[in-house]
Structure formats: structure tokens, C-alpha cells
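Residue-level listing of the chains:
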Amino acid sequence: MRLTCHAPRHQGRRAVDDERAAHATARGAGRRRAGRGALALTTTLAVITTLLGVAGCGAEDEDSASTAPIPQTVRLPRLDGQKLQVTAVWTGTEQENFSKVLAEFERRTGAEVSFVPSGDDMSAYVGSKVAGGQPPDIAMLQQVGVLREFAAKKWIKPIGEAGQAQLRKNFARGWQDLGSYEGTPYGVYFKASNKSLIWYNTRAFDYAGAKEPGTWKELIEQARLVSDSGVQPVSVGGADGWTLTDWFENIYLSQAGPEMYDKLSTHEIKWTDPSVTRALTTLAELFGDEDLLTDGKEGALRTEFPQSVAKTFAGGEPQAAMVFEADFVAANVADAGAELGTDAKVFPFPAVGDKAPVVTGGDVAVALKDTKAAQALLTFLASPDAAAVWAREGGLISANTKLDLATYPNPELRGIAEALIKAGNDFRFDMSDQAPASFGGKPAQGEWKALQDFLKNPKNISGIQRQLEKDAAKAFSD
């Protein structure tokens, strides 16, 4: 592990040096329908703010965590000779770490598990496999909207009693609800993320005399200060439309508030609503200023998410000063050769309204075959045992309340995990991931495409709203 700094906890949101996150991994999962467990974000924000204190992160601490024994709290059946296929978007180190989880399951049960990367479009991948009569046993979905679509089509199978017992024992009610459809539990949220973070190059900030902003107005002011110093301020991975939805969602949640966020998430209000106009107008303050975007609007539209991080942290002279995205950015920072806490630091997405936003995401495991082996794997993934395998390697934050925080390899990860656990049901999930996949989860269509069009022409707010509403109305009515 490289992380040997003594840095404020807010400088290491998922401080991981060995995870190479594929850009699709960011697609968190979660829908919160009206009346379900996610309430106000105040508690979450208060907990996170409390955790933004000073904490050491020495290598000795990491080594002791990485060699800690894996707990054995759940009883699994013997499955000798049985084979399972698991699919997820994960590649690189994420795939390697998840493979360690599957290896532990194999060791305990005797089953043989194979992993198949799905590519970016999980919905299309699973749909083709179902149509061909050969679905995988388990899929790790990034969108709760997709979970509910699959459940409505009866493609996925309810969780058995052993898995449900683990969910009731280990997860807050809100997480259980997010994995359910019409009151029936289908999914286990195995991996979570914080999607309200902005990462910055310390050299660029120091050279410009910039400081961490607390409000949107201050963010724009600091970006202009950086621009005046000769460094391009904000790197945007606009080639991946999901990054643009995350920009919009953080602004909308902070500005319009959680109740309006919930209504827009479920299409109870239209995308032509004045609250959307206001949020897009605010976002246009950044997207509409060529001096604030690295390589301008056209450059941003050609930049994929991993490149957006590399532009901020790779090489001696940064191309950009800041990049926005979730806690998994830490992996890309490490890939760029930068050091967390020294070269790279992070601050919470600034407040646009009264409170700073807290948007989360996650990956949910579902079974496409109702077999003893598939149900056993869901049960294992719902236990602290499975979470511990990956957590001690770094690169995973778990919502499992029974996972010992000491399992995480550094204080930063422990702080983020503790905030997630203490938040209970007080969180908001990624809005686009709550929508049907045709609107919120597919390249070159729906919300991804509309916001790319907005990035290309931020003055066309009313036109973009009409486009968003047309696409949303069709998706939610299908």
C-alpha cells in the first residue's frame, strides 16, 4: 500500500491505492419510491461532517487490517460439483478483489464459480442471455430501476429465507427496501459508494492560491481563480453520460431538496418543472463557461471518466485542477501515479442550496436462477463474511452493519463506512439509477444523451427539458 500520509479524513474518501475502477462501476444502484425508507439527508451530512477530522493512515495500520482473518458468521450448504456463473461490470483490480470473494465462497461450499464481465450495458447483456436461454446464475446490477424491471419480467428470483435472515440482521431497512419489488426481496446491496465528492490537485490549488469551497458560488469563484493562474479548472468526463447525471443530481438535491428529488426520481413531477430549470441554469454556470472546462465543451464531450481523472493528476504538470465523481476516484488517482493526501485531496460537493448534497450508489446482487447454489451465494454476499474479504483489500464500502470497521485498511475508509452505517435510512440514491434503464442507464439515449446535448449547448435549457420529459414519459409508461 502507498498510503502513508497523515491527512484529514476528508482527503481520503475511499483512500485506496490498488483499485482500478472501470468507469461503468460508478453506476450505483438505488431507487427510493415515495413512502420508503430514505428520508432527509441531514443526518448523513452531519455524520460525514463529523468524520472530516484528522486521522493518520500509516502502512502498519493497513498491513494489520489486510491480514486479519475473515469472519465466519454464516452457515452455508455443501455444493460440491455444482457450478455457478456470476456477471458484473467490474474489470481490473475490482474484478480481482471480487474474485477473492467468490474464491472464499468456493472454499466454504465446494462449488465452482466463474466470473464473466458484462460490459457497460448490464441490462442488454442479461436480456440477451435470458433470450438465449442461458442467463448467468447471479448478476451484480448497478441500477435499482433495472432490478425492478427484471423482477416485473420475472427474470430474477426472490431471495430465500436464509438470505432474507442475513438481510434483516445486517442491513438497515432502507437498503432492504431498495432491493425489493412490490414487497418481495430480490437483491443484496454488496457494494456502496459516495457520489458527492470533488477531487483536486494540490499543486494546482497552491499555485493559484485556491482553497476548498463550501458553496457552489465559492466553487465557481475558485475555478476562476485557478483559470487565471493558467491551469484549466474542471475536468469533465462528458463522453460517459452518467457523469453528467451525477453533476445534475447533486445540484438538484441540494437546491430543490429531498422531497422534490424523490418526486423527480419517480416522475411524479415533470422534467419541465421550474426546479429542473433552476438546476440546469446553475449547472450552466460551469458548463457554459469555456474557461472553466478542461479543453472546453467539445473536449469534455470527448473525455471518458478515467481520462478526466488522469488529466487532473497524471504527470508533473496537471491539465486540470479538479474532477468530480465518487469515492472510487481514489483508484484512478493511484493509477495516475498521484498520492492521496499529498498530490490529491478531496472535498464534499459544495452546497448549492441550504445543505450540501449526499448522493449514493451501489451494486446489488440478484439471482436469475432459483437454485440452491445461487441462493447460497446471495446468502453469503449478505453476510459480513463476504464483505470482509473485499473490504480488507481496499476499494469497497459496505452497508453491512455487522462488518467490523477494523477490517478496512485505513482510517479514511473506516470513516466513510461508519458514516454510511450511522446514516441508517437517511440517504438519497442516484436519481438516474432509479429510472427505467431506457431513460437513466443507457449510452446515447435518455438522460445520458440529453445531458450530453446540454453540455454541448448549455443555453438550450428549455429544449433539453422538453427532451428529458419526452424520454422520461415514454420510459416510465412502458
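Residues numbered from 1 in each chain as written. Predicted model: local features only at pLDDT ≥ 70, side-chain atom pairs only at ≥ 80, totals over all residues. Heavy atoms only, no water.

Caption draft 1: Spatial organisation of the overall build of the protein chain. Check the secondary structure of the protein chain and you find 21 helices and 14 strands. Among the 478 residues that make up the protein chain, the fraction classed as buried is 63%. The contacts in the protein chain between residues at least 6 apart in sequence include a share of 81% that link residues at least 24 apart. Surface summary for the protein chain: the accessible area is close to 16800 Å², and the carbon and sulfur share equals 49%. (Helix = DSSP H or I, 4+ residues; strand = E, 2+ residues; numbered from the N terminus. Buried < 20%, exposed > 50% of the residue type's maximum accessible area, 1.4 Å probe, protein only. Contact = heavy atoms within 4.5 Å. Areas by Shrake-Rupley, 256 points an atom, 1.4 Å probe, with all protein chains shown as cover.)

Caption draft 2: Quick peek at helix H20 (residues 446-456). Most of H20 sits out of view: 8 of its 11 residues are buried. Listed as buried for H20 are Gly 446, Glu 447, Trp 448, Ala 450, Leu 451, Gln 452, Phe 454 and Leu 455.

Caption draft 3: The packing of helix H12 (residues 274-287) against H20, seen in detail. Relative to each other, H12 and H20 sit at 55°, their axes nearing to 10 Å. Taken as axis vectors, H12 and H20 run oblique relative to one another. Between H12 and H20, the contacting residues are Leu 280, Leu 283, Ala 284 and Phe 287 on the first element and Leu 451, Phe 454 and Leu 455 on the second. Partitioning the contact of H12 with H20 into residue classes produces 7 nonpolar, no polar and no charged. (Axes fitted to C-alpha atoms, helices over the stretch in contact; angles between N-to-C directions. Parallel < 35°, antiparallel > 145°, perpendicular 65-115°, else oblique. Nonpolar A, V, L, I, M, F, W, Y, C, P; charged D, E, K, R; others polar.)

Caption draft 4: Broad picture of the confidence of the model for the protein chain. On average, residues of the protein chain carry a pLDDT of 85, and 85% of them reach 70 or more. Taken as a whole, residues 1-65 scores under 50 in pLDDT and shows 241 contacts with residues more than four places along the chain or in a different chain. (pLDDT = per-residue confidence, 0-100.)

Caption draft 5: Layout of the pattern of salt bridges. Per the stated rule, a full pass over the model turns up 18 salt bridges. The network of salt bridges with shared partners includes Glu 104, Arg 107, Arg 108 and Asp 385. (Salt bridge = Lys/Arg side-chain N within 4 Å of Asp/Glu carboxyl O.)

Caption draft 6: Region of interest: the packing of aromatic side chains. Applying the stated criterion across every chain, the model contains 25 aromatic pairs. Where Trp 247 meets Phe 349, the ring centres are 5.9 Å apart and the plane angle is 70°; that geometry is what we call edge-to-face. With Trp 247 in helix H10 (residues 241-256) and Phe 349 in the loop between strand E12 (344-348) and strand E13 (359-367), the pair connects residues that are 102 residues apart, well separated along the chain. Taken individually, Trp 247 and Phe 349 each receive the classification buried, so the pair is uniform in this respect. We note Lys 153 situated over the ring of Trp 155; from NZ or CZ to the ring centre the distance is 4.6 Å. (Phe/Tyr/Trp six-rings, centres within 6.5 Å; stacked < 30°, edge-to-face > 60°. Lys NZ or Arg CZ within 6 Å of the ring centre and 35° of its normal.)

Caption draft 7: Quick peek at the nonpolar core. Counting residues in each nonpolar core, the largest one holds 72 residues, and the members touching the most others are Phe 98, Phe 105, Trp 175, Phe 190 and Leu 381. At 7 residues, helix H16 (residues 372-381) tops the list of elements feeding residues into this core. Once you skip the residues sitting within four places of it in the chain, Phe 190 turns out to touch Trp 90, Phe 98, Val 101, Met 140, Asp 363, Leu 381, Ala 386, Ala 387, Trp 390, Leu 396, Ile 397 and Ser 398. Core analysis: the second largest hydrophobic core is formed by 54 residues, Leu 293, Ala 321, Leu 455 and Ala 475 among them. (Core = buried A, V, L, I, M, F, W, Y, C linked by side-chain atoms within 4.5 Å.)

Caption draft 8: Geometry of the environment of Pro 117. Mapping Pro 117 onto the fold places it in strand E4 (residues 112-117). The spatial distance from the C-alpha of Pro 117 to the C-alpha of Val 86 is 8.4 Å, given a sequence separation of 31 residues. Not counting residues within four places of it along the chain, the set of residues in contact with Pro 117 comprises Thr 87, Ala 88, Trp 90, Gln 95 and Tyr 125.

Caption draft 9: Broad picture of the side chain of Asn 97. Relative to the elements of secondary structure, Asn 97 occurs in helix H3 (residues 92-109). In this structure Asn 97 touches Trp 390, Glu 393 and Gly 394, once residues within four positions along its chain are discounted.

Caption draft 10: A look at the sheet that holds strand E11 (residues 320-324). Overall, mixed pairing links the 4 strands, which are arranged E10-E11-E9-E12 in an open sheet. The sheet is open, and its two borders are formed by strand E10 (232-235) and E12, each paired with just one other strand. For this sheet, the mean angle separating the axes of adjacent strands, direction not counted, is 25°. Where E10 meets E11, 3 bridges bridge the pair, whose relative direction is parallel. Considered in E11, the bridge of Val 234 is made with Met 322. (Pairing = 2+ DSSP bridges.)

Caption draft 11: Expanded view of H10. With 16 residues, H10 ought to run about 22 Å at 1.5 Å a step, and its terminal C-alpha atoms sit 22 Å apart, in line with that. By the criterion of burial, H10 is predominantly enclosed, with 15 of the 16 residues buried. At the C-terminal side of H10, Gly 257 shows a positive phi close to 95°. (Expected span 1.5 Å × (residues − 1).)

Caption draft 12: Broad picture of the pairing of strand E5 (residues 138-141). A two-sided burial pattern is seen for E5, the buried positions comprising Ile 138 and Met 140 on one face and Ala 139 and Leu 141 on the other. Here strand E3 (residues 83-88) pairs with E5 via 2 bridges, running parallel. The residue of E5 that forms the bridge with Thr 87 is Ala 139. Note: E5 against E13, 4 bridges, orientation antiparallel. Residue pairing in the sheet places Ile 138 in a bridge with Ala 367 of E13.

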